Amino acid sequence: MINNPLYCQADALQLVPAQVDLHCHSTCSDGRQSPARMAELMAEHGVQLWSLTDHDCLTGQQQAMAASRALGLHYLPGVECSAKYGKGQVHVVGLGVGLVETGMPEAMQFLQEARRERALEIDRRLTKAGLPSLLAAAQLQAAEAELGRPHFARAMVAERVVKDERQAFDLWLGAGKLGDVKLMWPELDQVIAWIRESGGRAVLAHPHRLKLTLTKVRALVADFARQGGQALELSVPAMDPQWQVNLARDAESLGLSYSRGSDFHGPTPWVKPGQALDWPTRLPGVWQDMLVCKP
Ligand code: AMP
Ligand code: MN
Ligand code: MN
Ligand code: MN
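The sections below set out a description of the structure shown in this document.

What counts, and where the lines are drawn
Residues numbered from 1 in each chain as written. Chains lettered and ligands numbered in written order. Predicted model: local features only at pLDDT ≥ 70, side-chain atom pairs only at ≥ 80, totals over all residues. Heavy atoms only, no water. Helix = DSSP H or I, 4+ residues; strand = E, 2+ residues; numbered from the N terminus. Rg over C-alpha atoms; globule rule 2.2 N^0.38 Å. Contact = heavy atoms within 4.5 Å. Areas by Shrake-Rupley, 256 points an atom, 1.4 Å probe, with all protein chains shown as cover. Lys, Arg positive; Asp, Glu negative; His and termini not counted. Charge placed at Lys NZ, Arg CZ, Asp CG, Glu CD. Donors = N, O, S within 2.8 Å, 3.2 Å for Na, K, Ca; no water. Axes fitted to C-alpha atoms, helices over the stretch in contact; angles between N-to-C directions. Parallel < 35°, antiparallel > 145°, perpendicular 65-115°, else oblique. Left-handed = near helix turned anticlockwise from the far one by under 90°. Nonpolar A, V, L, I, M, F, W, Y, C, P; charged D, E, K, R; others polar.

## Things to note about the overall build of the protein
In terms of helices and strands, the protein carries nine helices and 10 strands. Its C-alpha atoms give the protein a radius of gyration of 18 Å, near enough to 19 Å, the size a compact globule of 295 residues would have. Intrachain contacts of the protein at a sequence separation of at least 6 include 73% that bridge at least 24 residues. Surface exposure of the protein reaches about 13300 Å², of which carbon and sulfur atoms provide 51%. Of note, the protein has its 30 positive side-chain charges centred 6 Å away from the centre of its 32 negative side-chain charges.

Spelled out as structure tokens, the structure:
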């Protein structure tokens, strides 16, 4: 593979933080831009190595790769998988995942079926609480995309159940609310295994956004490493720098590397493509010893 003219070693690129963004979404999941437009936005913001990591689907990968090639961007195939962890859920970004002739397509089918079942359960719970059925409106919002809570949130706004998407999450869909259904997801160790078996690296996404205390996140990080996880997202838009210091220390002692990602879903005043805290200096970047698609 090293001699394959379509790939090169990422560490030869000598990238600086602002040139790496390995977490974002397109209209194939809950993002607002097509995969090709995402490539353009990355280029416009000076990013040189990126990955489209839609929730539980690989649909946008070919388009993202083709657009990257046309724009001279380096690219890693990616995905953000949903997983169950204890009574809660976590997201695991898979970077450099194998798209064909691996177990990945089947894993995606499993996750997409879980999403469909979950949507039914979300609708059952919300209607039981007195809301109108929002399933059809959410499906309309999702169009061809994998159905998720953001589509329910958009449907709630369209049906005037809430005034904006933020309120939809605060009242109905956010962590611990009625529409926060996570029964259907596979266990964390299963998701890590899928990613690794396909040739990818498993990265714990946005550990600061899990609504857990630092102590609990540190226990999760230790479990994640024990189960074969390989990197933590430590270079993200809004992590408390003290959390970054603590988690970087844990990553170092557990032999984990780190990743950098904006989790950009579409234009907002507060997150741009390529935007994240600078990375912790002592740790290796997860992409550094990986092969990336050459422009
Ligand atoms: P799902 O993948 O269907 O579980 O939906 C999770 C997605 O919803 C996340 O990736 C975010 O894009 C979005 N999300 C989660 N929590 C919130 C929130 N409190 N406000 C707005 N969007 C959120
Ligand atoms: Mn999302
Ligand atoms: Mn996520
Ligand atoms: Mn994400």
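## Digging into the coordination of the manganese ion (ligand 4)
For the manganese ion (ligand 4), the protein coordination sphere consists of His23 (NE2), His25 (NE2), Glu80 (OE) and Asp263 (OD), at 2.1 to 2.2 Å. One chain supplies every donor to the manganese ion (ligand 4), and in sequence these donors are spaced H-x1-H-x54-E-x182-D. Taken as an interatomic distance, the gap from the manganese ion (ligand 4) to the manganese ion (ligand 2) is 4.5 Å. Taken together, the residues span a long stretch of sequence, with Glu80 in strand β5 (residues 78-85) and Asp263 in the loop between β9 (257-260) and β10 (291-293) at a distance of 183 residues.

## Some points on the packing of helix α4 (residues 135-142) against helix α5 (residues 149-158)
Two numbers describe how α4 lies on α5: the axes approach to 8 Å, and their chain directions differ by 115°. It follows from the interaxial angle that α4 and α5 lie roughly perpendicular. α5 is crossed by α4, and the crossing has right-handed handedness. Across from Leu135, Ala137, Ala138, Gln141 and Ala142 in α4, the residues of α5 making contact are His151, Phe152, Arg154, Ala155 and Ala158. Across the contact of α4 with α5, the residue classes break down as seven nonpolar, two polar and one charged.

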